[in-house]
Amino acid sequence: MLLFLQALLSGTLTGGVYALAGIGMSLVFGVMNISNFAHGDLMMLGMYFAYFAFTLLHIDPYVSLVLIMPTAFLFGFLMEKVFISRVIHHPHQNQILLTVGLGLIMSNTALLVFTSDPKILTTTYSSSAFNLPGGIYLSVPLVISFLITCGITAILSLFLLKTRTGMALRATSQNREAAQLMGINVAKMSGIAFGIGTALAATAGALIAPTYYIHPLAGHSFLLKAFTICVLGGLGSVAGAGVGGLIIGVVEAMSSTYISSDWKDVVVFVLFLAVLLLRPQGLFGKKGEQ
Amino acid sequence: MLNIQNLNAGYGEMPILRAINITIAQGEIVSVVGSNGAGKSTLLKAISGIIKSSGTITYNHESLHALAAHTIVKRGVVHVPEGRKIFPEMTVLENLMMGGYLHQKDRQTNLERVFTLFPKLAERRNQLGGTMSGGEQQMLAIGRGLMGNPKLLLLDEPSMGLSPLFTEVVFGAINTINSSGVTVLLVEQNVYQSLKISHRGYVIETGSIVLTGTGEELLNNKDVKKAFLGM
Ligand SMILES: Nc1ncnc2c1ncn2[C@@H]1O[C@H](COP(=O)(O)OP(=O)(O)OP(=O)(O)O)[C@@H](O)[C@H]1O
Ligand SMILES: [Mg+2]
């Protein structure tokens, strides 16, 4: 029982960060109808950003978010303008080739520049934990990450629900042609969506940097997670992706606890396939949507 | 107000519209009627800039060709598309707000205007667009268009799939909208109803205009009677 509770709580905390990455991917998919296969590599860049901000500039990884978020937004916005916008009306296989290619360029550049040695970001609180009654302990960095995630998610939700630009993003994702007829500049919305998606990926990367090995290929397993989260939540659904992230976090923690931590990626992959086979519209999607 | 000369448009390599000439004067209701696949929706999409075209489209002495779709709306050319295309996951009110995306300041007055025209929308303001009935969605689509301060309203088959009662409501609304000073370009398969309320009309067949005249002339034309009215 104790093991179970421990896995449930730690899983939820990690899941929150995964959710952030999943929400970013889902937003891009919703607004642009593009699956971004470079999403995991963008997370990896966020990890390195936090690492170097900490080692070179002595900025705490959580504080470095104020630099990472705007930088990543701009990076994503430009990446959309220069590359992604060219394939937006093209068949999906062209879009996949492009984003896979961009991801490969990022991870291989990282290999060249940062080498394949994993880096570890050790803060003073990296290995400290909150001890809860009953013998459960929660890692301090995971708790902080989770709280930041909740804050960012709440702000993003408010932005999407209440602001003019946020509503325009939602309208574009619900019907791109109609959005255009309302006077919404859908090309600009694509740039904004990709910028936010990139910012969320990099933020998720920075948030887990203190608890993960940082290496150039770290993005690959995150891509699979982000993808599974999107599929779980129903592609394009931001709220669904939030819940999907928590589910993946808990499933991973449970499989590490009860099977073996080597198996957690396999379990996530099996879950991914199972959802695709049984409920391709996502756990919360309505039948008939795809 | 709108002058279309030698307009050609299509999808990819496939030409659909050939050498279309249409003029619309301020204050008119003009209908374009024709059978399925004749190119009516393509014509409206070319005007509103959703698809590319060649030829000239002049609106109040300005060429619309160089402009992006979202800029054309700004000029007051508002397109209510075929099949309503409302935002399904937004409430009725949010849908209307999106219609007023470019006109935040006039939102309140426009909203009252829409609610007076379609009281049903006021009742259902918090319902999700996607859960409205077909007829209600059509009212919402027209209402959403009105939120964009149209000077020229392009309506694509507003009576499609509507019961006779809803059809009456929609055609009545078009008349009301027109008498408030909005010029209307109406695309319809309900040929009788639309020609009856139109000042002028065009008949389009496989991408070309084959006949034009006042609404009444077309209603009495024997080819129109035979082809569309089953007489
Ligand atoms: N996106 C598209 N890609 C390729 N061809 C298209 C596309 N949209 C329409 N067409 C073709 O263009 C032709 C004209 O279509 P359009 O939608 O303009 O007809 P319509 O007169 O509006 O017909 P309806 O009364 O059935 O709505 C049709 O042959 C149609 O198949
Ligand atoms: Mg049509």
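Here the structure is a predicted model, which is why all the values come from computation and not from measurement.

## Re the overall build of chain B
Next, step 1: The number of helices and strands found in chain B is 10 helices and 10 strands.
Next, step 2: Expected size for 231 residues packed as a compact globule is a radius of gyration near 17 Å; at 17 Å, chain B falls within 12% of this value.
Next, step 3: Across the 231 residues that make up chain B, the buried fraction comes to 55%.
Next, step 4: Total accessible area computed for chain B in this model is approximately 9,700 Å², and 52% of it derives from carbon and sulfur atoms.

## Overview of the overall build of chain A
Next, step 1: Scanning chain A for helices and strands turns up 11 helices and 2 strands.
Next, step 2: For chain A, the α and β elements follow one another from N to C terminus as α-α-α-α-β-β-α-α-α-α-α-α-α.
Next, step 3: Across its three principal axes, chain A shows a C-alpha extent of roughly 60 × 45 × 35 Å.
Next, step 4: The buried share among the 290 residues of chain A stands at 51%.
Next, step 5: In chain A, the share of contacts with a sequence separation of at least 24, taken over all contacts with a separation of at least 6, comes to 75%.

## Side note on the sheet that holds strand β1 (residues 2-11) of chain B
Residue and element names in this part refer to chain B.
Next, step 1: Judged by pairing direction, the sheet is antiparallel, and its 4 strands sit side by side in the order β2-β1-β4-β5 without closing on themselves. Lying at the two open borders of the sheet, with one neighbouring strand each, are β2 (14-24) and β5 (62-63).
Next, step 2: Inspection of the sheet shows β1 paired to β2 by 7 bridges, in the antiparallel sense. Opposite Ile4, over in β2, you have Ile22 as the bridge partner.
Next, step 3: Across the sheet, helix α1 (residues 40-48) is in contact with β1, β2 and β4 (53-59); its angle to β1 comes to roughly 110°.

## Quick look at the interface of chain A and chain B
Next, step 1: At the interface, 20 residues of chain A touch 21 residues of chain B.
Next, step 2: In terms of surface lost to chain B, no three residues of chain A exceed Arg164, Leu181 and Met182 of chain A, which account for 35% of the buried area on that side.
Next, step 3: Inspection of the region where chain A meets chain B yields 2 salt bridges.
Next, step 4: Between Glu94 of chain B and Arg170 of chain A there is a salt bridge, and its shortest N-O distance comes to 2.9 Å.

## Points about the site of ligand 1
Residue and element names in this part refer to chain B.
Next, step 1: Asn36, Gly37, Lys40, Ser41 and Thr42 are the nearest of the 14 residues found near ligand 1.
Next, step 2: Between ligand 1 and Tyr11, the relevant distance is 3.4 Å, taken from a nitrogen atom to a side-chain nitrogen or oxygen of the residue.
Next, step 3: Take Glu82: an N or O atom from its side chain is 2.8 Å from an oxygen atom of ligand 1.
Next, step 4: Protein contacts shield 63% of the accessible area of ligand 1, which totals 630 Å² for the unbound molecule.
Next, step 5: When residues of the shell around ligand 1 are traced back to their parent elements, those giving at least two are β2 and α1.

## Observations concerning the pattern of salt bridges
Next, step 1: Counting across every chain of the model gives 8 salt bridges over all chains.
Next, step 2: Between Glu80 of chain A and Lys81 of chain A there is a salt bridge whose closest N-O contact spans 3.0 Å.
Next, step 3: Judged by relative accessible area, which is 1%, Glu80 of chain A ranks as buried.
Next, step 4: The exposure class assigned to Lys81 of chain A is partly exposed, which follows from its relative accessible area of 36%.
Next, step 5: Arg200 of chain B is the salt-bridge partner of Glu28 of chain B, the closest N and O atoms lying 2.7 Å from each other. Linking Glu28 of chain B in the loop between β2 and β3 (29-33) with Arg200 of chain B in strand β9 (residues 200-205), this pair joins segments that are 172 residues apart in sequence.

## Structural notes on the coordination of the magnesium ion (ligand 2)
Residue and element names in this part refer to chain B.
Next, step 1: At the metal site, the magnesium ion (ligand 2) is ligated by Ser41 (OG) and Glu82 (OE), and these contacts range over 1.9 to 2.2 Å. Of this pair, Ser41 sits in helix α1 while Glu82 sits in the loop between β6 (77-80) and α3 (92-99), and the two are 41 residues apart along the sequence.
Next, step 2: The exposure class assigned to Ser41 is buried, which follows from its relative accessible area of 15%.
Next, step 3: We classify Glu82 as partly exposed; its relative accessible area is 28%.

## Things to note about the packing of aromatic side chains
Next, step 1: Throughout the structure, instances matching the rule amount to 10 aromatic pairs over all chains.
Next, step 2: Centroid distance Tyr62 of chain A to Tyr125 of chain A: 6.1 Å. Interplanar angle 20°. Geometry classified as stacked. With Tyr62 of chain A in the loop between α2 (39-57) and α3 (65-82) and Tyr125 of chain A in the loop between α4 (92-114) and β1 (129-132), this pair connects stretches of sequence that are 63 residues apart.
Next, step 3: Residue class for Tyr62 of chain A comes out buried when judged on its relative accessible area of 10%.
Next, step 4: Grouped by ring-pair contacts, the aromatic residues Phe37, Phe227, Phe269 and Phe272 of chain A constitute a single cluster.
Next, step 5: Looking at Lys81 of chain A, its charged tip hangs above the ring of Phe77 of chain A, at a distance of 5.2 Å from the centre.
Next, step 6: Over the ring of Tyr101 of chain B we find Arg164 of chain A, and its NZ or CZ is 4.0 Å from the ring centre.

## Digging into the environment of Ile177 of chain B
Residue and element names in this part refer to chain B.
Next, step 1: Its location among the elements puts Ile177 in helix α7 (residues 164-179).
Next, step 2: The buried category is assigned to Ile177, whose relative accessible area is 3%.
Next, step 3: Separated by 21 residues in the primary sequence, Ile177 and Asp156 place their C-alpha atoms 15 Å from one another.
Next, step 4: Apart from the residues lying within four places of it in its own chain, the contact partners of Ile177 are Leu117, Ile142, Leu146, Leu153 and Val182.

## Observations concerning the packing of helix α9 (residues 218-233) of chain A against helix α11 (residues 264-278) of chain A
Residues and elements named next belong to chain A.
Next, step 1: Running from amino to carboxyl end, α9 crosses α11 at an angle of 30°, the nearest separation of the two axes being 10 Å. Relative to α11, α9 is oriented so that their crossing is left-handed. Contacts between α9 and α11 involve Ser221, Leu224, Lys225, Phe227, Thr228, Val231 and Leu232 from the former and Asp265, Val268, Phe269, Leu271, Phe272, Val275 and Leu276 from the latter.
Next, step 2: Taken together, the residues that form the contact of α9 with α11 break down as 10 nonpolar, 2 polar and 2 charged.

## Description of the pairing of strand β10 (residues 208-214) of chain B
Two faces make up the sheet, and in a regular strand the side chains alternate between them.
All names here are of chain B.
Next, step 1: As paired elements, β9 and β10 share 6 bridges and run antiparallel to each other. Paired with Tyr202 across the bridge in β10 is Thr212.
Next, step 2: In sequence, β9 turns back onto β10 through a hairpin of 2 residues, with Thr206 there showing a positive phi of about 35°.

## So, the confidence of the model for chain A
Next, step 1: Here chain A averages 92 in pLDDT, while 98% of its residues score no lower than 70.
Next, step 2: At the low end of the mean pLDDT range in chain A sits α11 of chain A, at 86; at the high end sits α3 of chain A, at 98.

## A word on the nonpolar core
Next, step 1: Among the nonpolar cores identified, the biggest contains 145 residues, and Ile184 of chain A together with Leu2, Leu43, Ile47, Met98, Leu121 and Ile174 of chain B are the most heavily contacted of them.
Next, step 2: With near-sequence residues (within four places) excluded, Leu2 of chain B lies in contact with Ile22, Thr23, Ile24, Ile47, Ile57, Thr58, Tyr59, Leu64 and Leu152 of chain B.
Next, step 3: Val33, Leu195, Val203 and Val224 of chain B belong to the second-largest nonpolar core, a separate cluster that totals 8 residues.

Basis of the calculations
Residues numbered from 1 in each chain as written. Chains lettered and ligands numbered in written order. Predicted model: local features only at pLDDT ≥ 70, side-chain atom pairs only at ≥ 80, totals over all residues. Heavy atoms only, no water. Helix = DSSP H or I, 4+ residues; strand = E, 2+ residues; numbered from the N terminus. Rg over C-alpha atoms; globule rule 2.2 N^0.38 Å. Buried < 20%, exposed > 50% of the residue type's maximum accessible area, 1.4 Å probe, protein only. Areas by Shrake-Rupley, 256 points an atom, 1.4 Å probe, with all protein chains shown as cover. Contact = heavy atoms within 4.5 Å. Pairing = 2+ DSSP bridges. Axes fitted to C-alpha atoms, helices over the stretch in contact; angles between N-to-C directions. Buried area = accessible area lost by both parts, 1.4 Å probe. Salt bridge = Lys/Arg side-chain N within 4 Å of Asp/Glu carboxyl O. Near = heavy atom within 4 Å. Polar contact = N/O pair within 3.5 Å; in protein donor to acceptor, adjacent residues only side chain to side chain. Donors = N, O, S within 2.8 Å, 3.2 Å for Na, K, Ca; no water. Phe/Tyr/Trp six-rings, centres within 6.5 Å; stacked < 30°, edge-to-face > 60°. Lys NZ or Arg CZ within 6 Å of the ring centre and 35° of its normal. Left-handed = near helix turned anticlockwise from the far one by under 90°. Nonpolar A, V, L, I, M, F, W, Y, C, P; charged D, E, K, R; others polar. pLDDT = per-residue confidence, 0-100. Core = buried A, V, L, I, M, F, W, Y, C linked by side-chain atoms within 4.5 Å.

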